[in-house]
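The residues making up each chain are set out below.
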Number of protein chains: 4
Amino acid sequence: MHFGSDNIVGASQPVLDAILAANSGAEPSYGADSVKKRVDKMFCDLFERDVQVFLVATGTGANALCVSAMTPPWGMCISNEESHINGEETGAPELYTGGAKLMTLKGDKGRLLPDVLDAYVRNLSPGFYQMPAKSISVSQLNECGIAYTPDEIAALSDVAKKYRLWMHMDGARFANALVHRKVTPAEMTWKSGVDILSFGATKNGALAAEAIVVFRPELAEAMEYRRKRAGQTISKGRLLSSQFIGYLENDHWLSNARHANAMAAELKAGLEKIPGIRLPWEVEGNEVFPVMPRKVFKALKDAGAVFYEWPTRSVAAADKPGADETMARLVTSFQTTADEVAQFVDVAAKAA
Amino acid sequence: MHFGSDNIVGASQPVLDAILAANSGAEPSYGADSVKKRVDKMFCDLFERDVQVFLVATGTGANALCVSAMTPPWGMCISNEESHINGEETGAPELYTGGAKLMTLKGDKGRLLPDVLDAYVRNLSPGFYQMPAKSISVSQLNECGIAYTPDEIAALSDVAKKYRLWMHMDGARFANALVHRKVTPAEMTWKSGVDILSFGATKNGALAAEAIVVFRPELAEAMEYRRKRAGQTISKGRLLSSQFIGYLENDHWLSNARHANAMAAELKAGLEKIPGIRLPWEVEGNEVFPVMPRKVFKALKDAGAVFYEWPTRSVAAADKPGADETMARLVTSFQTTADEVAQFVDVAAKAA
Amino acid sequence: MHFGSDNIVGASQPVLDAILAANSGAEPSYGADSVKKRVDKMFCDLFERDVQVFLVATGTGANALCVSAMTPPWGMCISNEESHINGEETGAPELYTGGAKLMTLKGDKGRLLPDVLDAYVRNLSPGFYQMPAKSISVSQLNECGIAYTPDEIAALSDVAKKYRLWMHMDGARFANALVHRKVTPAEMTWKSGVDILSFGATKNGALAAEAIVVFRPELAEAMEYRRKRAGQTISKGRLLSSQFIGYLENDHWLSNARHANAMAAELKAGLEKIPGIRLPWEVEGNEVFPVMPRKVFKALKDAGAVFYEWPTRSVAAADKPGADETMARLVTSFQTTADEVAQFVDVAAKAA
Amino acid sequence: MHFGSDNIVGASQPVLDAILAANSGAEPSYGADSVKKRVDKMFCDLFERDVQVFLVATGTGANALCVSAMTPPWGMCISNEESHINGEETGAPELYTGGAKLMTLKGDKGRLLPDVLDAYVRNLSPGFYQMPAKSISVSQLNECGIAYTPDEIAALSDVAKKYRLWMHMDGARFANALVHRKVTPAEMTWKSGVDILSFGATKNGALAAEAIVVFRPELAEAMEYRRKRAGQTISKGRLLSSQFIGYLENDHWLSNARHANAMAAELKAGLEKIPGIRLPWEVEGNEVFPVMPRKVFKALKDAGAVFYEWPTRSVAAADKPGADETMARLVTSFQTTADEVAQFVDVAAKAA
């Protein structure tokens, strides 16, 4: 019963196979390998246009590079108060940007909201003592497990354009959002106004691989330098590139995401039938956030389930856990089994 | 005939096997995995003492983290003018330290020299407008392919201690130096005064794996934070840790290095017999720097050999290439074959 | 009717006289002047203990240096959401620290509150992805014109000590707070737990002079380097030092502050008698924040009064301006005249 | 006999008078004062074109802001190995740029040389591991007391333009160079290809005032933000602006520089007549670098003369001080008297 995160599993077999296939012989290093050229082509096909692609090994590296390309050291990057870049990356965006400010706004279930963004930027002082807003960042899935719709993204983009802000998508769980929303990668990103994307692969099957996908050439100009100075340029580049061959070929990434989402849907279906357990947030990917009696939480832990309590800051007032309740986060992955889910639901039901 | 670098090959089989062995099941992420605990133990055994070990995916990441742990933003880290941290890392140490200065000194065949170091630091102005020296860094092998002896390291350490400077070793080719010098890892490092080590593995067989080995606990204090904010904390940590299992077990790393060094020795032996080819620097690892007639260089390139011309800044005046000559760098690896070497020597001999 | 800020006036006569008196002859530069030695002595006397004093020309420089001494680049400095360091210094603390995060908390009328601070720090995740809290900063006067009592400061210090956080006081209007609270500089600072102080002088009579007063020797260790690299070390140091002679001698600074506070008290007394005008926050120094009908605001502007509308974020819900109202900030200085005050009140009364 | 530096004297009377004249009444703060508008006009007249002017209190602040406007954090700013920005500013350019590298080149008597610059940049590796050259900086006077000619500057500018590098002039002693070369400010700067200038005033009479003069609008775009976040925006701006009124009106600055230069010329004339004393470098401003017997050095010190020994790195081999000699730096100022000079020469002559 492993629901702690989607990075507790290993790499998926097609990804491993692709690494092994690319491993023999000699190839230029630092991203000049022939495999990378294939990957570039795959990304252009995937996004139905020319894109520039920079591969890195960590999501924090990808996000911080994206933020640094969009935001001068004297500017602000705006995100929801739950955003991973603000709260879980130990200041990597601040490091990579050279001191930019991550300004966070309240929203709805982890969403950055167009009207809140508009009001905030509109009311900023024009004085030079005020760091100017320069960019925004949204997470997909967001940190409450919600998948923005293309329309929601476009509405944010409209505000961003109005104030000349670049727009980043932290797609750590991009695949999960995509298969939930049943839209194309293009619709989810540049067609809705996204300028630069952290295309996550690690959580959904890769060994250690994320792609920065750039839709605005000016954001790519210095990226090779930025990536190298951040220590993010992988030496044996083909062993990074090849992960995307395995990940993208045969829609493997979408299959993985569909499986994880299906397991989350089963968890949701099972848990919400249990008296005393409720879900303040929709399940729109591979994350489930049940509020449950503490005794149920304890019973699950005692039964060996791996998962975490979760902050309730973004839970609506009416839905906040009561004194005897707590909220948990459950994450499914491409390896989660229906048995694990059933067992978890069973333990919870019995304890309730 | 691939002598461009030692990162143009893939990962070695034992490393791949170890990754595959560690891949199944669930493990805590971000370095809390059980494999990492085994690796910690192996490093303590290897260095015959307690050490703290932080794993990262790139050598630039490892070096820049080490430099940042030793050097405040208002201080200087001193190295030889050929040093990789100064010239080939796009300012990563400057980024990670927040603006420290990499001061470089002239030396002998890439070596930082104790008396040069001593004179430089002694003559620094004591005024606050002068950034104070805070650390030194030596590369092993150094950038001219030279393996410092423990005595040379100890002599540098004496100067460093005199001025209270921390001492880092960039061990991108640590294994090659070690097997050449026939000393223990402990003798090469902390017993000779090294405070913190970038223990390279990628060039010598790993997929993407470097270890920061800390011999001074105070240098490890903030390292977890520093690593995460640098985007260097690998999510599926066991797939990084496990590379060291494969790398270290059964002295695989030493075998790999011995093979690479043997190939370099063969190259040297073959080349120096050819009239018109000479080696200004000793071959003390897996790098060979022949000065050759330009026509030989061209013949080799025409024959498909992959290798690079190399700057001659650190070549002694008497040994500098003449007008019709050039210097090249040849790097061997654990995959270099005796055939490749023989073929290269053969082409060179015929062209000379 | 100049109530725009306390930095719209020039320097006071004793400060100018002291500069002129120090101007002749030769003196060592960069702070090694004899005048600085006298100033050091005066500060030690003033604070009844040994202190280390570093002079700079700007409040932002002083604050950012203090924050950088307390906070590593991977840590957080916590302040109230109104704090000047967070909102009006264009990211200077982020620059000087090398990317630390300024975390802001809600409070009461601009105050950082001990229980809010305690809860926030207590609930921080212990994981390395969470930037750790390392310091706090309070403004005196705070940004709502409130003067913390020594007891309030001590209560914050207790929480700070509990979590090993350094405590900074941004004393841009230190003199105004001091004369209001009728306590000693020692009581207001180190006796209540403050570790490092930005001792403001510019707003209260100096030409361009702020003092960093350090109560913890470890926070002063690198300050000379930090100040110089920030471009904050004044070349002709005595022309900076001497400002403090004029400022501190004969309690000139306290006289100035008493006058400014008295003018603010008169403003308050006059305004609160006017129907339709009310003061959500106490007047505890030289700042008055009246909520007034928009027509009164307009009449004052039409009459040539210089002052600004002010954000109402920290106004309690019950006190927020209504649709036809707005809040203003009025700042008095050592040069404000009773006539200016009377005229302002008069215009407001007639317009109400 | 004060020849330690030109910042050991106070401000000149016209500068003080201008401050006092601007001191009364209320003026907008942070540079929006009416005096600044007059100063802007004066600078446009002085440089015979539109320029953008940003005032700061320190030369290090001015230089570091200029370098940061020209150089991205992943780029290099190239200067002569004697440059003040590299050696005497404690890493301020590194801080303000966010980690750019100051690359220094050998030259001739402190000059950056066009052919050396060209060769260096031409031979830089095009790989992304190499920080790209982005800007150059020259000092006027340079650190050996030499005044570049407009032709020399233009020749450097030609190389800079060839490689698309911005060009900064550190004019800490701009006035001294100008009156020596008898050219206009325009000829010395933008007409010869300078893009941005640190226009020094403090050493030549101001209290604490330097002007950043921008000839390329794109370099000014973010300057207000950069200046404020560096803590370099002076609160009571008119007390900074007014210094330039006093400094520039009636050619006061040129008179001051002519006097200082004349005193240096007298020092030179007197010293070079003394057997055993020689001047390896020309006197082209207000700095004299005599090589003298150590016994003369000692006699001067014993007689109370204030001046410093100076590094001889840039002295030509043939001119280096012998074992019993040393080199000193003597700096004259607008307050240096002929008597001081005569006394110094006299003591030296007697001791020789």
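The shown structure was predicted, so the numbers you read here are calculated from the model rather than taken from an experiment.

### Things to note about the overall build of chain A
Moving on, step 1. Counting its secondary structure elements, chain A contains 15 helices and 11 strands.
Moving on, step 2. Considered along the principal axes of its C-alpha atoms, chain A spans approximately 60 × 55 × 30 Å.
Moving on, step 3. A total of 352 residues make up chain A; the buried ones form 65% of that total.
Moving on, step 4. When contacts within chain A are restricted to residue pairs at least 6 apart in sequence, those whose partners lie at least 24 apart make up 78%.
Moving on, step 5. By element, 52% of the accessible surface of chain A is carried by carbon and sulfur atoms, the whole surface being about 11,700 Å².
Moving on, step 6. Separation between the mean location of the 38 positive side-chain charges and that of the 42 negative ones in chain A comes to 3 Å.

### As for the interface of chain D and chain C
Moving on, step 1. Each partner contributes to the interface: chain D provides 48 residues, whereas chain C provides 48 residues.
Moving on, step 2. Both sides of the chain D and chain C interface together cover about 3,700 Å² of buried area, and 56% of this is carbon and sulfur.
Moving on, step 3. Counting the surface chain D buries against chain C, the share from its top three residues, L95, R229 and K236 of chain D, is 20%.
Moving on, step 4. Linking chain D to chain C there are 0 salt bridges.
Moving on, step 5. There are 30 residue pairs in polar contact (both at pLDDT 80 or more) connecting chain D and chain C.
Moving on, step 6. Elements with a minimum of two residues in the side of chain D that touches chain C: α1 (13-22), α3 (59-70), α5 (92-97), α11 (223-229) and α12 (238-248) of chain D.
Moving on, step 7. Looking at the side of chain D that touches chain C residue by residue, the class counts come to 21 nonpolar, 18 polar and 9 charged.

### A short note on unusual backbone geometry
Moving on, step 1. Residue L141 of chain A follows Q140 of chain A across a cis peptide bond; omega there is -20°.
Moving on, step 2. By secondary structure assignment, the location of L141 of chain A is in the loop between β4 (133-139) and α7 (150-162).
Moving on, step 3. The residue D251 of chain A is not glycine, and still its phi comes out positive at about 55°.
Moving on, step 4. Among the structural elements, D251 of chain A can be located in the loop between α12 (238-248) and α13 (252-272).
Moving on, step 5. The backbone of E48 of chain C shows a phi angle near 60°, a positive value even though the residue is not glycine.

### Quick look at the interface of chain B and chain A
Moving on, step 1. Contacts between the two partners involve 48 residues from chain B, matched on the other side by 48 residues from chain A.
Moving on, step 2. Overall, the association of chain B and chain A removes approximately 3,700 Å² of surface from exposure, summing both partners, and the carbon and sulfur fraction of that is 57%.
Moving on, step 3. In terms of surface lost to chain A, no three residues of chain B exceed L95, R229 and K236 of chain B, which account for 19% of the buried area on that side.
Moving on, step 4. For the pair chain B and chain A, the number of links is 29 residue pairs in polar contact (both at pLDDT 80 or more).
Moving on, step 5. When contributions to the side of chain B that touches chain A are tallied by element, the ones reaching two or more residues are α1 (13-22), α3 (59-70), α5 (92-97), α11 (223-229) and α12 (238-248) of chain B.
Moving on, step 6. For the side of chain B that touches chain A, the residue count by class is 21 nonpolar, 18 polar and 9 charged.

### Some words on the environment of K268 of chain A
Residue and element names in this part refer to chain A.
Moving on, step 1. On the secondary structure map, K268 appears in helix α13.
Moving on, step 2. Note on K268: relative accessible area 25%, which makes it partly exposed.
Moving on, step 3. Each C-alpha atom of the pair K268 and F289 lies 8.8 Å from the other, and the pair is 21 residues apart in sequence.
Moving on, step 4. Excluding residues within four positions of it along the chain, K268 makes contact with L279, V283 and V288.

### Digging into the sheet that holds strand β6 (residues 196-200) of chain C
Residues and elements named next belong to chain C.
Moving on, step 1. One open sheet accounts for 7 strands, arranged β1-β7-β6-β5-β4-β2-β3; its pairing is mixed. The sheet terminates laterally at β1 (52-56) and β3 (101-105), the two strands that pair on one side only. Within this sheet the neighbouring strands show an average axis-to-axis angle of 20°, counted without direction.
Moving on, step 2. Bridging between strand β2 (residues 76-80) and β3 involves 5 bridges; their strand directions are parallel. Bridge pairing in β3 places S79 opposite T104.

### Comments concerning the packing of aromatic side chains
Moving on, step 1. Following the criterion strictly, the structure yields 76 aromatic pairs over all chains and no others.
Moving on, step 2. Taken together, a centroid distance of 6.3 Å and an interplanar angle of 75° make the contact between F47 of chain A and F199 of chain A edge-to-face. In this pair, F47 of chain A sits in helix α2 (residues 34-47) while F199 of chain A sits in strand β6 (residues 196-200), placing the two residues 152 residues apart along the sequence. In this structure, F47 of chain A and F199 of chain A share a single accessibility class: buried.
Moving on, step 3. These aromatic residues form a ring-pair network of at least three members: F43, F47, F174, F199, F215, F244, Y247 and W253 of chain A.
Moving on, step 4. The aromatic ring of F307 of chain C is capped on one face by K301 of chain C, whose charged end is 4.8 Å from the ring centroid.

### Quick word on the domain arrangement of chain A
Residue and element names in this part refer to chain A.
Moving on, step 1. Looking at the assigned domains, one finds that chain A contains domain 1 (13-250) and domain 2 (253-351).
Moving on, step 2. One C-alpha centre belongs to domain 1, the other to domain 2, and the line joining them spans 28 Å.
Moving on, step 3. With 27 residues of domain 1 at the contact, the number on the domain 2 side is 22 residues.
Moving on, step 4. The tally of links between domain 1 and domain 2 comes to 4 salt bridges.
Moving on, step 5. Linking domain 1 with domain 2 are 11 residue pairs in polar contact (both at pLDDT 80 or more).
Moving on, step 6. Contributions of two or more residues to the side of domain 1 that touches domain 2 are made by α8 (174-181) and α12.
Moving on, step 7. If one sorts the elements of the side of domain 1 that touches domain 2 by residue count, α8 sits on top with 7 residues.
Moving on, step 8. Residues of the side of domain 1 that touches domain 2, tallied by class, amount to 13 nonpolar, 7 polar and 7 charged.

### Some words on the relation of the copies chain D and chain C
Moving on, step 1. In the superposition of chain D on chain C (RMSD 0.0 Å, axial shift 0.0 Å), the rotation amounts to 180°. In short, the pair behaves as if placed about a two-fold rotation axis. Residues of chain D ranked by C-alpha distance from the rotation axis are headed by A230 of chain D, positioned 3.5 Å from it.
Moving on, step 2. Looking at chain D, 100% of its interface residues are interface residues in chain C too, so the copies touch through the same face.

### Brief notes about the side chain of E325 of chain D
Moving on, step 1. Within the element layout of this structure, E325 of chain D appears in strand β11 (residues 325-331).
Moving on, step 2. Sequence-distant contacts of E325 of chain D, that is, excluding residues within four places in its chain, are made with G276, R278, V291, M292, P293, R294 and K320 of chain D.

### Overview of helix α1 (residues 13-22) of chain A
Moving on, step 1. Among the residues of α1 of chain A, V15, L16, A18, I19 and A22 of chain A are the ones counted as buried. Down the axis, α1 of chain A shows its buried residues gathered within 160° of arc, on one side only.
Moving on, step 2. Buried positions along α1 of chain A lie against α2 and α12 of chain A together with α1 of chain B.

### Some details on the pattern of salt bridges
When the charged atoms of two side chains lie near each other, side chains of opposite charge can form a pair.
Moving on, step 1. Here the structure, examined in full by the defined rule, presents 92 salt bridges over all chains.
Moving on, step 2. Among the salt bridges present, the one from R173 of chain A reaches D6 of chain A, with a minimum N-O distance of 2.7 Å. Pair noted here: R173 of chain A is in the loop between β5 (166-171) and α8 and D6 of chain A is in the segment before α1, with a separation of 167 residues, a long-range link. As far as the burial class goes, R173 of chain A and D6 of chain A line up, both buried.
Moving on, step 3. K101 of chain D is paired through a salt bridge with E94 of chain B; the nearest N and O atoms lie 2.8 Å apart. Of this pair, K101 of chain D sits in strand β3 (residues 101-105) while E94 of chain B sits in helix α5, which puts the two residues in different chains.
Moving on, step 4. Here K101 of chain D falls in the buried class, since its relative accessible area comes to 6%.

### Notes on the packing of helix α6 (residues 114-122) of chain B against helix α7 (residues 150-162) of chain B
All names here are of chain B.
Moving on, step 1. In the contact formed by α6 and α7, the axes pass within 9 Å of each other and the chain directions differ by 15°. By the angle between their directions, the pair α6 and α7 is classed as roughly parallel. Of the two elements, α6 crosses α7, and the hand of that crossing is right-handed. Touching P114, L117 and D118 of α6 are A155, L156, V159 and K162, all from α7.
Moving on, step 2. Its residues placed into classes, the contact of α6 with α7 shows 5 nonpolar, no polar and 2 charged.

### Overview of the pairing of strand β7 (residues 210-214) of chain B
All names here are of chain B.
Moving on, step 1. A large share of β7 lies buried, amounting to 5 of its 5 residues.
Moving on, step 2. Burial along β7 is two-sided: the face carrying E210, I212 and V214 and the face carrying A211 and V213 are both buried.
Moving on, step 3. Summarising the sheet, strand β1 (residues 52-56) and β7 pair through 5 bridges and their orientation is antiparallel. Paired with V53 across the strands is V213, a residue of β7.
Moving on, step 4. For strand β6 (residues 196-200) and β7, the ladder comprises 5 bridges, and the chain directions are antiparallel. Bridge pairing links G200 to E210 in β7.

What counts and what doesn't
Residues numbered from 1 in each chain as written. Chains lettered and ligands numbered in written order. Predicted model: local features only at pLDDT ≥ 70, side-chain atom pairs only at ≥ 80, totals over all residues. Heavy atoms only, no water. Helix = DSSP H or I, 4+ residues; strand = E, 2+ residues; numbered from the N terminus. Buried < 20%, exposed > 50% of the residue type's maximum accessible area, 1.4 Å probe, protein only. Contact = heavy atoms within 4.5 Å. Areas by Shrake-Rupley, 256 points an atom, 1.4 Å probe, with all protein chains shown as cover. Lys, Arg positive; Asp, Glu negative; His and termini not counted. Charge placed at Lys NZ, Arg CZ, Asp CG, Glu CD. Buried area = accessible area lost by both parts, 1.4 Å probe. Salt bridge = Lys/Arg side-chain N within 4 Å of Asp/Glu carboxyl O. Polar contact = N/O pair within 3.5 Å; in protein donor to acceptor, adjacent residues only side chain to side chain. Nonpolar A, V, L, I, M, F, W, Y, C, P; charged D, E, K, R; others polar. Pairing = 2+ DSSP bridges. Axes fitted to C-alpha atoms, helices over the stretch in contact; angles between N-to-C directions. Phe/Tyr/Trp six-rings, centres within 6.5 Å; stacked < 30°, edge-to-face > 60°. Lys NZ or Arg CZ within 6 Å of the ring centre and 35° of its normal. Domains from an automatic or database assignment. Least-squares fit on C-alpha atoms with pLDDT ≥ 70 in both. Arc of directions from axis to C-beta. Parallel < 35°, antiparallel > 145°, perpendicular 65-115°, else oblique. Left-handed = near helix turned anticlockwise from the far one by under 90°.

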